[in-house]
Amino acid sequence: MFLSFGIKDAIDIVLVALVLYYTYRFMRESRTLNVFVGILAFIVVWLLVSRVLEMRLTGAIFDQFVNVGALAIIVLFQEEIRKFLYSLGEHNKLHRVVRWFSSRRETDGNGMGREAIMPVVLACINMARSKCGALIVIERTTPLDDIVATGDHVDANINQRLIENIFFKNSPLHDGAMVISKQRIKAAGCILPVSHDLNIPRELGLRHRAAMGISQASDAIAIVVSEETGRISAAIKGQFRLRLSAENLEAILTEEL
């Protein structure tokens, strides 16, 4: 048995160890480590019963659990699996390749020049002064068609007054999110996925959780103006940047877009 052990078997063992390690680390960060340990223990018992001890009846029962369990794991951990696949796709080298192909297919892209960034910045500053709550999502490489479909179609040029009017407190679109795509306001009053991350500070409200949710599910930039404090925040790649000034917000948008 030892004589047949080759370099391919060594690579196989290393790959399995890496998969287990990164899965363990990801589960620990997402606070589902106990579930991962339980699943791992079940797999060990299943292999012991079915492969080592060759207990047919018990092994058959465990086999049925494993067949159904694969689907159950996908259902239970769909949010974690999505985050993992997204983080894999966001890996620097892979992301550069995808962006290179995307740039060859689309000449316009989702980039924004200063003439499109400044109306957003000025609108956020004015809304922050009057403590008018706002949630603006700027699409990048990940399409947000499903988010746009949940709101009211606008398809207008990026305009400071239009943004402020949409988020005016008596406006019917005030509570939803505005989506900007390809240098145009695509929709308003959109519904975003809400993040259930326990690390989000308690003083941040539902708008911030929605901003975090869309930033975790895509590479979009979400800008939040707090209705309670008038502070401006931005959620990018699952991270908050809080208490932004006009200069900070402009610099972030210029750098990211």
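Just so we're clear, the structure is a prediction, and the values are computed from it rather than from any experiment. (Residues numbered from 1 in each chain as written. Predicted model: local features only at pLDDT ≥ 70, side-chain atom pairs only at ≥ 80, totals over all residues. Heavy atoms only, no water.)

Some details on the nonpolar core
Here comes step 1: Ranked by size, the top nonpolar core spans 34 residues in total, and within it Val120, Ile163, Ile223 and Leu253 carry the most contacts.
Here comes step 2: Sorting the residues of this core by element identifies helix 6 (114-129), strand 1 (134-138), helix 8 (160-166), strand 3 (177-181), strand 4 (184-190), strand 5 (221-225), strand 6 (232-236) and helix 10 (246-256) as the ones contributing at least two each.
Here comes step 3: Per-element tally for this core: the top contributor is helix 6, with nine residues.
Here comes step 4: With near-sequence residues (within four places) excluded, Ile223 lies in contact with Val120, Cys124, Ala134, Leu135, Ile136, Ile138, Ile232, Ser233, Ala234, Leu249 and Leu253.
Here comes step 5: Residues Val137, Ile147, Ile214 and Ala222 belong to the second largest nonpolar core, which totals 21 residues. (Core = buried A, V, L, I, M, F, W, Y, C linked by side-chain atoms within 4.5 Å. Buried < 20%, exposed > 50% of the residue type's maximum accessible area, 1.4 Å probe, protein only. Helix = DSSP H or I, 4+ residues; strand = E, 2+ residues; numbered from the N terminus. Contact = heavy atoms within 4.5 Å.)

Observations regarding the environment of Leu242
Here comes step 1: One can find Leu242 in the loop between strand 7 (239-241) and helix 10.
Here comes step 2: Classification of Leu242 as partly exposed rests on a relative accessible area of 41%.
Here comes step 3: Spatially, the C-alpha atoms of Leu242 and Arg231 are 7.8 Å apart, while their sequence positions differ by 11 residues.
Here comes step 4: Ignoring any residue separated from it by four or fewer positions in sequence, one finds Leu242 in contact with Leu204, Ile232 and Ser233.

Topic: the environment of Ile214
Here comes step 1: Positionally, Ile214 belongs in helix 9 (residues 206-217).
Here comes step 2: Exposure remark for Ile214: the relative accessible area of 2% places this residue in the buried category.
Here comes step 3: The sequence separation of Ile214 and Gly238 amounts to 24 residues, and the corresponding C-alpha distance is 8.4 Å.
Here comes step 4: Contact partners of Ile214, with chain neighbours within four places excluded, come to Val137, Leu144, Ile147, Leu192, Pro193 and Ala222.

Considerations on the sheet that holds strand 3
Here comes step 1: Reading across from one edge, 2-4-3-1-5-6-7 is the order of the seven strands in this open sheet, with mixed pairing throughout. Two strands bound the open sheet, and with one partner strand each, they are strand 2 (152-157) and strand 7. Mean inter-strand twist for the sheet, computed between neighbouring axes without regard to direction, equals 20 degrees.
Here comes step 2: As paired elements, strand 1 and strand 3 share three bridges and run parallel to each other. The residue bridging Ile138 from the neighbouring strand is Ile180, located in strand 3.
Here comes step 3: Running at roughly 175 degrees to strand 5, helix 9 makes contact with strand 1, strand 5, strand 6 and strand 7 of the sheet. (Pairing = 2+ DSSP bridges. Axes fitted to C-alpha atoms, helices over the stretch in contact; angles between N-to-C directions.)

A look at the side chain of Glu139
Here comes step 1: The residue Glu139 is located in the loop between strand 1 and helix 7 (145-148) in this model.
Here comes step 2: For the buried Glu139, which has no salt bridge, the nearest side chain bearing the opposite charge is Lys182, at an N-O separation of 5.9 Å.
Here comes step 3: Of the polar contacts made by the side chain of Glu139, one reaches the side chain of Ser181; its length is 2.6 Å. (Lys, Arg positive; Asp, Glu negative; His and termini not counted. Salt bridge = Lys/Arg side-chain N within 4 Å of Asp/Glu carboxyl O. Polar contact = N/O pair within 3.5 Å; in protein donor to acceptor, adjacent residues only side chain to side chain.)

Focus: the confidence of the model for the protein
Here comes step 1: Across the protein, the average pLDDT comes to 81, with 81% of residues at 70 or higher.
Here comes step 2: Residue range residues 103-108 is modelled with pLDDT below 50. Its contacts to residues more than four positions away, or to other chains, number one contact. (pLDDT = per-residue confidence, 0-100.)

Quick look at helix 9
Structurally, the α-helix is built with 3.6 residues per turn, so residues lying three or four positions apart point the same way.
Here comes step 1: With 12 residues, helix 9 should reach 16 Å at 1.5 Å per residue; the first-to-last C-alpha distance of 16 Å fits that figure.
Here comes step 2: With respect to burial, helix 9 is a largely interior element, nine of its 12 residues being buried.
Here comes step 3: Of all the residues in helix 9, the buried ones are Arg207, His208, Ala210, Ala211, Met212, Gly213, Ile214, Ser215 and Gln216. (Expected span 1.5 Å × (residues − 1).)

Describing a nonpolar patch on the surface
Here comes step 1: On the surface, Ile7, Ile11, Val14, Leu15, Leu18, Tyr21, Tyr22 and Tyr24 cluster together to form a nonpolar patch covering roughly 800 Å² of accessible area.
Here comes step 2: Relative to the assigned elements, Leu18 resides in helix 1 (residues 7-29).
Here comes step 3: Accessibility expressed as a relative area gives 41% for Leu18, which makes it partly exposed. (Patch = residues over 30% accessible without salt bridge, like charges linked within 9 Å, V, L, I, M, F, W, Y side chains within 5 Å. Areas by Shrake-Rupley, 256 points an atom, 1.4 Å probe, with all protein chains shown as cover.)

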